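Each chain is listed here by its residues.
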Amino acid sequence: MTRRAHVSGSIRRRLLLQLLGSAALLAAILFVTVLGFVRDVAEESHDSILFASATSIMDSIAVNAGEVSVDLPYAALSMLGNVSDDRVFYRVSRAGEVLTGYSDLPAGEATVRAGQPVFETLDYKGETIRMVTSSRRLSLNGAPTDIEVSVAQTQNGQAAILARLSRSALYLGIGFFVLSSALAIWSAQSSVRPLKSLAQAVSRRGPKDLRPVSRPVPSEMAPLVSSLNTFIDRLGVSLTRSEDFIAEAAHRVRTPLATVRTQAEITLRRVEKEENRGSLREMIRAIDETSRASGQLLDHAMVSFRTDSLERVDIDLAELARELVERLRPVADLKDIDLHFANSGTPRMSGDAILIQNAVRNILDNAIKYSPPERQVHIRVSGDGAQARVSIEDEAGGFGTTDTHALTERFVRGENTQGVVGSGLGLTIAREVAEAHGGTLTIETSKSGAGACVTLCFPSH
Amino acid sequence: MRFLLVEDNASLAKAILDRLRLDGHVVDHAPDVQSAEDFAATTDYDLILLDIMLPDGDGRTFLKQHRDRQIETPVIVLTARSEVSDRVGVLDLGADDYITKPFDFSELEARCRAVLRRRGGGSSNERRFGNLRFDPMAGTLSVEDQTISLRNKELRLLEVFLSAPDRIFSKAKLVDRLFSYEEDVSENAIEVYVGRLRKHLVGSGVEIATVRGLGYRMSLQ
């Protein structure tokens, strides 16, 4: 069974969120900075035009015969018209007395000194205006007098330009954010890629592949890989130990059993008394039962171990079954049971050959063991590309009324097993093998009604 | 037949030797790989019975060397391993067959017979009695020019009788020899096989007589 890992968070998601957060913050700062800069530049250039206009008006002021005359140059106002369609206001005054222009134009709050223009943003007739005021000292009738020139313009055009520029700044910010998001996703992906490829390399391994992980990994992952390798080492040692143990246990149990059984057979040949012969026969049967049970328990342990992590290879089910039939033919011959093998189609599948062999052998063993002498056993293999199946039909009397599903439970035996040595594990093993391969085991009464037909069915791929 | 038994467990080896000799076979015993090689180099055996776990090495090493030297003697491996893990790879290494301990001797005999038949050897084992020629390896019985194939139980019954002509075999003994201990059979089942064998023996000058209350005896007419 594969246990799911306990998941808490995701490195990739965490990294991605952090990078996206930083990108958003940087984009906002960029937007604000650019917007401020653009606004400053626009204001400065507007101011300098206003100032140029005021200067050119100032230049046209002359003193003629003790009078101040202003000859407003056309260019002074038209240069402002070039910037936008905003309305332009002006005022020329001397010592607070308006000489020409808009007398209700608000006066600036700051004190104006000669040569130092003052720029202000003011309200005039419900509209915002930008106004420059500059001053010049003239000599009038021998006395110095201060002439002030103010030029103002409404800010509608300016606002429109600013709006356009700030939209551009917004696009710039969004573009920056999108680009950095893409980069963030890419970098989050690429930083977890070594982890992913390590995980794939480990999970692709066969159950018998216990070599250490040698694939190069980033230094941060080195401790993980080295503890994984230690773990694989330990697993290898413990697997070898348990396989050795099973082999050793079998050897220890079966060799003395073989001695006892052989001696009992010899003695049976020599003794004449019917009671003694009966006891000896019972002894031999008990030995057979012990050895079969121990064998199947070991088999069952091995099968459970192997089904946990299947080692799949391409199997020709027909070839596998044919080999088994040949192997069991001498045993069947002892009871003059004929084994008939038939194959139709190409029953190819992928699976663990040793397990499949074990499953088929258990079923075939049963068929031979429970059949009376001189009966027929049919082994039919077929395949249609989608499924590979092997069915074994005997004339052993069938399973009677025993629940056919219960037969595949551990240690449950059918009704026809009186007097036959068995452990009740054979069909369990066969079913577990079938299910581990995504297949099924079905037990039914044979068509002739004389016995059972057990079918193993595996998906081809 | 001449066997070489390679088995390190002394009591099991003795039991197998006794059992094979009881059937009239000639058997040598090698307790380790070294002596097995010595025996195999000096004597021609019909069959080698080989244990896998040996004190001075693995039976598989012996098997491999045996095959590398192109020695054709068939080998049957005696294994105590579980059926799943065995498959042993011994078949790949050149063993002809294997049998799991503890084994039924009639199964071992059947496997030996099958191996020898596959190898096409064993015509030297032909037995003659009266007019009949019997090849236990091929399982054929010839009376004059007529050759028939015997079924397994008939063959083994004939073998038992031919092992000691003129001796009386009780039904109980014949049951022991013919049926495995797993099967519940009545002694009357023997009558069926004796009846069949009698039919095959017509014209051979050999008869199977019923000795009332004692059993059966095969003798020349």
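Our subject is the structure listed above.
Calculation criteria
- Residues numbered from 1 in each chain as written.
- Chains lettered and ligands numbered in written order.
- Predicted model: local features only at pLDDT ≥ 70, side-chain atom pairs only at ≥ 80, totals over all residues.
- Helix = DSSP H or I, 4+ residues; strand = E, 2+ residues; numbered from the N terminus.
- Buried ≥ 20, exposed ≤ 12 C-beta atoms within 10 Å, placed from the backbone.
- Contact = placed C-beta atoms within 7 Å.
- Nonpolar A, V, L, I, M, F, W, Y, C, P; charged D, E, K, R; others polar.
- Pairing = 2+ DSSP bridges.
- Axes fitted to C-alpha atoms, helices over the stretch in contact; angles between N-to-C directions.
- Core = buried A, V, L, I, M, F, W, Y, C linked by C-beta atoms within 7 Å.
- Parallel < 35°, antiparallel > 145°, perpendicular 65-115°, else oblique.
- Left-handed = near helix turned anticlockwise from the far one by under 90°.

## Digging into the overall build of chain A
Check the secondary structure of chain A and you find eight helices and 14 strands. When the 461 residues of chain A are sorted by exposure, 29% land in the buried category.

## Overview of the overall build of chain B
Looking only at helices and strands, chain B has seven helices and 14 strands in total. Looking at chain B residue by residue over its 221 residues, the buried ones come to 37%. Expressed as a percentage of contacts within chain B between residues at least 6 apart in sequence, the contacts between residues at least 24 apart total 48%.

## Things to note about helix H8 (residues 426-436) of chain A
Residues and elements named next belong to chain A. In terms of residue burial, H8 counts as a mostly covered element, since 10 of its 11 residues are buried. Restricting attention to buried positions, one finds in H8 the residues Gly426, Leu427, Thr428, Ile429, Ala430, Arg431, Glu432, Val433, Ala434 and Ala436. Looking at the buried side of H8, the elements it contacts are helix H5 (274-308), helix H7 (353-370), strand E13 (440-445) and strand E14 (452-459). Remark: glycine 438 follows H8 within two positions and exhibits a positive phi of approximately 75 degrees.

## Side note on the interface of chain B and chain A
Listed by partner, the interface residues are 35 residues for chain B and 41 residues for chain A. Of all the secondary structure elements, the ones that give two or more residues to the side of chain B that touches chain A are helix H1 (10-22), helix H4 (105-119), helix H5 (152-163) and helix H6 (171-178) of chain B. Here the side of chain B that touches chain A is composed, by residue class, of 14 nonpolar, eight polar and 13 charged.

## Topic: the sheet that holds E14 of chain A
Residues and elements named next belong to chain A. The strand order across the open sheet built from five strands is E9-E11-E12-E14-E13, with neighbouring strands paired in mixed fashion. Because the sheet does not close on itself, it has two edges, and the strands there are strand E9 (338-345) and E13. Averaged over neighbouring strand pairs, the angle between their axes works out to 15 degrees when direction is ignored. Relative to E14, E13 is paired through six bridges, and the arrangement is antiparallel. Paired with threonine 440 across the two strands is cysteine 457, which belongs to E14. Relative to the sheet, H8 contacts E13 and E14, its axis offset from that of E13 by approximately 135 degrees.

## Things to note about the sheet that holds strand E5 (residues 118-124) of chain A
All names here are of chain A. As summarised here, the arrangement of the five strands in space is E4-E3-E7-E6-E5, forming an open sheet in which the pairing is antiparallel. The open sheet has two edge strands, strand E4 (97-101) and E5, and neither has a second partner. Direction aside, the axes of adjacent strands within the sheet are offset by 30 degrees on average. The pairing of strand E3 (residues 88-94) with strand E7 (residues 143-154) spans seven bridges and is classified as antiparallel. For valine 92, the partnering residue across the bridge sits in E7 and is valine 149. Those strands touched by helix H1 (residues 11-59) are E3, E5, strand E6 (127-140) and E7, and its axis lies near 35 degrees from that of E6.

## Here we look at the nonpolar core
Core analysis: the largest hydrophobic core is formed by 97 residues, its most contacted members being Ala359 and Val360 of chain A. Core analysis: the second largest hydrophobic core is formed by 17 residues, Ile57, Ala76, Val88 and Val92 of chain A among them.

## Here's the deal with the environment of alanine 332 of chain A
Residues and elements named next belong to chain A. Secondary-structure assignment places alanine 332 in helix H6 (residues 317-334). A residue is classified by how many C-beta atoms lie within 10 Å of it, and alanine 332, with 21 of them, is buried. Separated by 42 residues in the primary sequence, alanine 332 and glutamate 374 place their C-alpha atoms 9.2 Å from one another. When residues no more than four places from it in sequence are discounted, the contact partners of alanine 332 are Ile337, Leu339, Ile368 and Val377.

## Regarding the packing of H5 of chain B against H6 of chain B
Residues and elements named next belong to chain B. Where H5 meets H6, the axes come as close as 10 Å, and the angle between the chain directions of the two elements is 125 degrees. In terms of orientation, H5 and H6 fall into the oblique class. Handedness of the H5/H6 crossing: right-handed. Listed contacts from H6 to Lys153, Arg156, Leu157 and Val160 of H5 are Leu174, Arg177 and Leu178. Across the contact of H5 with H6, the residue classes break down as four nonpolar, no polar and three charged.

## Quick look at the pairing of E4 of chain A
Residues and elements named next belong to chain A. When E3 meets E4, the two strands line up antiparallel, connected through four bridges. Residue pairing in the sheet places arginine 94 in a bridge with glutamate 97 of E4. The turn linking E3 back onto E4 is made up of two residues, and alanine 95 within it adopts a positive phi angle of 45 degrees.

## Comments concerning the pairing of E14 of chain A
Residues and elements named next belong to chain A. The alternating pattern of E14 places Ala452, Val454, Leu456 and Phe458 on a buried face and Cys453, Thr455, Cys457 and Pro459 on a face that is not buried. In this sheet, E14 lies alongside strand E12 (residues 387-393) in antiparallel orientation, the contact comprising seven bridges. Looking at E14, one finds that serine 391 is bridged to threonine 455. In this antiparallel pair of consecutive strands, E13 and E14, the connection spans six residues, and glycine 449 shows a positive phi of 80 degrees.

## Some thoughts on the environment of tyrosine 45 of chain B
Residues and elements named next belong to chain B. Along the chain, tyrosine 45 turns up in the loop between helix H2 (33-42) and strand E3 (47-51). Tyrosine 45 sits 44 residues away from methionine 1 along the chain, and the two C-alpha atoms are 8.1 Å apart. Once residues within four sequence positions are removed from consideration, tyrosine 45 is found in contact with Arg2, Phe3, Leu4 and Thr73.

## What about unusual backbone geometry?
Look at the link from lysine 101 of chain B to proline 102 of chain B: it is a cis peptide, with omega at -10 degrees. In this fold, proline 102 of chain B is placed in the loop between strand E7 (97-100) and H4. One non-glycine residue, aspartate 336 of chain A, lies in the positive phi region at around 55 degrees. Mapping aspartate 336 of chain A onto the fold places it in the loop between H6 and E9. We classify aspartate 336 of chain A as partly exposed; it has 15 C-beta atoms within 10 Å. One non-glycine residue, aspartate 166 of chain B, adopts positive backbone phi at about 70 degrees. Inspection of the secondary structure assignment puts aspartate 166 of chain B in the loop between H5 and strand E12 (168-169).

## Points about the environment of serine 382 of chain A
Residue and element names in this part refer to chain A. Tracing the sequence through the fold places serine 382 in strand E11 (residues 376-383). Along the chain, serine 382 and alanine 342 lie 40 residues apart, while their C-alpha atoms are 8.4 Å from each other. Contact partners of serine 382, with chain neighbours within four places excluded, come to Ser344, Gly345, Pro347 and Arg389.

## As for the packing of H5 of chain B against helix H7 (residues 189-201) of chain B
When two helices pack together, their arrangement is given by the angle between the helix axes and by the axis-to-axis distance. Residue and element names in this part refer to chain B. The geometry of H5 relative to H7 is characterised by a closest axis approach of 10 Å and an angle of 80 degrees between their N-to-C directions. On the basis of the axis angle, H5 is roughly perpendicular to H7. Two secondary-structure elements touch here, H5 through Lys153, Glu154, Leu157 and Leu158 and H7 through Tyr193, Arg196 and Leu197. In terms of residue class, the contact of H5 with H7 is made up of four nonpolar, no polar and three charged.

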